[in-house]
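Architecture and fold: a report
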Amino acid sequence: MQLLGRLLRVSMTQCRFDVKSSAASLYFMSELIASVTLHKVANILIGLRLKDMRARHDCLFYYQISDAAPSEEAMRESGAANYLPPRRQWIRPARADRAGLNHDAVVRKGIWKTIATHLRGGTLDSTLWGQQLLSLHAEIQEAFNAPENTVFTPPDVLLIKKAETGKYRIMAPCANIKERIISGILARYFEDLIESVLDDSCYSFRMNGQTLHDAILNLQTYSQNNTDKMLYVAECDLRGFFDSLCHDVAIDAVKYLASIRHITIDPGAMVLLNSLLRSYSFPGYALPKALEKLKDNTTGCIDWLSPQERNKIYGKIADTAIGIPQGNPISPVLANAALTFADKQVKSVLGTEGFYARYCDDIILLHPDRKICDSGLKAYYHAITKLRLPAHPAEIVVKYSKSHYNKKSRKPYPWGDDKSMEKAMPWIQFVGYQLHRDGIIRIRKQSINNQKMAINKVVATARKIVHKSKKNNIPLKLDPKKIYCKVIMRLVRAGLGDRRPKAGTHPIAEPCWIDAFPLIERNPWTEKQMRELDRHREIASRKFKYWLVNNDNFVENNEFSGRNKEKRPEPFYGAPYSYYCALDREKNRIRDFNANYGNI
């Protein structure tokens, strides 16, 4: 085995894997071909269709205000709708099948039910979309049957602005829908292959159901089981992880994890994986394209390694062999495979008394002994150095302050309440949460700020469209009062979802910001955070209404004019629209659901 195989062999031999002896006879070659089913292809297409629907909904929201907004044709779509039945032809699932499902799940069931009905009736090839679906399925089967003839197109390069001022993240989704489906099937194949040998401390992109919320709960349990001890915490964050991962490290990691299970990887899968990786390089392809897009942006930049740092880490490795495409389905699988070596190294140092968790490239480790905690952190840095990955240098934590949470990596520091130790930090953070030594959970400050920025963006976009309409003499489609109400309800649904009861179904929430934090409960800190968001949204809405009232966009037919212009805008109150009251909503929703549908 090559580089990673030699590294992993040392740590893997010290670990037990619950793999049956019959696993030696497993052979994944036939599994890959068998996985290229019409159902799997359609399922990936449906997922892309749902993303297009959400993007179109966002686009139409502003287009309903004025034609000055970007039209639906200007939206970047995947083209999945060409291979699926039109919306009017979707067969709605029965009421019992819809119970407890959100909108996306109902749509998935409805589209596949329509396709399955045509398949049973033998009429799938009689429709245009059915012919295109069957043709696409045949092309994908051919790609897996003759992988040596499949050449991936270099992916698109998109720039996503980070929370930090002026910094951008590079995303590289697949160039076309055929390659997106091939990548999705390939990712699932390798995911099945390595899942059972991944460490339990890995909580990112797992098939066994582990999520970042489980990491927080396990961390909370570990803290409660060690209430009589002072715990020391260390954290580390890799620098541009996906952009810095070498192709050979990722491939060697997958090969070695397969050998642990005594599985022979389908040669066609390896051919496709190599072809996919050859189509992308961060320093040789994505970075130059991104810098070209930012040439007129004087404040924009891409935060990556300097030439001296690159030479120190990679040496003579060619630029074409560095970086995996962030936004491709295969990338999270390769990330988990590569960092398994680091997971094993850290856990071998911490032993049974410590705690270690990793979500993608973010790690946190705890131990009652400061020296062992420091040794675990050093073991992680040593492992990622062998994996040729850069990391943010660990900083010393001197005292608890607001700047404490701005550090990417931290050397061991004490975790306890304010009275237990003079320099103890009462809160630690991992992914989107912060955890107190007493076990209380609150939302990370950066997540609160991101939601505030999202609120500001909606209001600013609406103002921009109204102003552009006035400037270009484009008539508005709605009067000022309706524009105001439309924007406010947009803010409510984006943050809290649509919980209004609907006839015949249970009001399950649509995806929204608050649903990303199911662990939060009512406590003084979360109450303060939710009030802060309510206050910020109220200020933003009042400023928007004041701008509509006092702006000269509406000389005639302004429903905010007259006596209402002198009156202070009414506050937008109400429990269904409040972040504060959402703290109890999830508990009530589960109670109502069990009462209404417990016997179904």
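Above this text you will find the structure in question.
Now for a look at the structure at hand. (Residues numbered from 1 in each chain as written. Predicted model: local features only at pLDDT ≥ 70, side-chain atom pairs only at ≥ 80, totals over all residues. Heavy atoms only, no water.)

**Some remarks on the pairing of strand β2 (residues 168-171)**
What counts, and what does not: We call a residue buried when its accessible area falls under 20% of the maximum for its residue type, exposed when it is over 50%, and partly exposed in between, using a 1.4 Å probe and counting protein chains only. By the criteria applied, helices consist of DSSP H or I runs no shorter than four residues and strands consist of E runs no shorter than two, each listed in order from the N terminus. Strand pairing is assigned whenever DSSP identifies at least 2 bridges connecting the two strands.
Judged by which residues are buried, β2 turns out to be one-sided: Tyr168 and Ile170 face inward and are buried, whereas Arg169 and Met171, on the alternate face, are not. By the bridge criterion, 4 bridges tie strand β1 (residues 158-161) to β2 in an arrangement that is antiparallel. When the bridges of β2 are listed, Leu158 appears paired with Met171.

**Quick look at the sheet that holds strand β8 (residues 433-436)**
Heads up, the condition is: Here the axes come from fitting lines to C-alpha atoms, over the contacting stretch only for helices, and the angles between their N-to-C directions go from 0 to 180 degrees. Residue contacts are defined here by distance: any two heavy atoms, one from each residue, within 4.5 Å place the two residues in contact.
Pairing in this open sheet of 3 strands is antiparallel, and the strands run β7-β8-β9 from one edge to the other. For this open sheet the edge positions go to β7 (427-430) and β9 (441-443), each flanked by a neighbour on one side alone. Averaged over neighbouring strand pairs, the angle between their axes works out to 30 degrees when direction is ignored. Of the pairings in the sheet, the one linking β8 to β9 comprises 3 bridges and is antiparallel in character. In the strand pairing of β9, Tyr433 is matched with Ile443. Strand contacts of helix α18 (residues 524-550): β7 and β9, with the helix running at about 15 degrees to β9, the strand carrying the most contacts.

**As for empty space enclosed by the protein**
Heads up, the condition is: Grid points spaced at 1 Å over the protein atoms alone were grouped into cavities, where a 1.4 Å probe fits but cannot get out, and pockets, open sets with protein on both sides within 12 Å along at least five of seven lines, with lining residues defined by an atom within 4 Å of a point. Grid points are joined across faces, edges and corners, and a volume is the space filled by probe spheres set on the points. Following the grouping adopted for this structure description, the nonpolar residues are Ala, Val, Leu, Ile, Met, Phe, Trp, Tyr, Cys and Pro, the charged ones are Asp, Glu, Lys and Arg, and the polar ones are all others, Gly among them.
For the coordinates displayed, the defined rule picks out 2 cavities of 30 Å³ or more. Estimated volume of the largest cavity: approximately 70 Å³. In this structure, the largest cavity is lined by Phe152, Thr153, Pro155, Ala172, Cys174, Ala175, Glu179, Leu276, Ser279, Pro325 and Asn328. Class assignment for the residues of the lining of the largest cavity results in 7 nonpolar, 3 polar and 1 charged. The space that makes up the second largest cavity amounts to roughly 40 Å³. If you trace the second largest cavity, you find it lined by Glu191, Ile194, Glu195, Leu198, Phe205, Pro332, Val333 and Asn336.

**Considering the pattern of salt bridges**
For the record, the criterion: A pairing counts as a salt bridge when a side-chain nitrogen of Lys or Arg comes within 4 Å of a carboxyl oxygen of Asp or Glu.
Summed over all chains, the structure comprises 21 salt bridges. In this structure, Lys344 and Asp199 form a salt bridge, with 2.8 Å as the shortest nitrogen-oxygen distance. Of this pair, Lys344 sits in helix α14 (residues 330-350) while Asp199 sits in the loop between α7 (177-194) and α8 (212-225), and the two are 145 residues apart along the sequence. Each member of the salt-bridge network shares a partner with another, and the members are Lys167, Arg239, Asp303 and Glu309.

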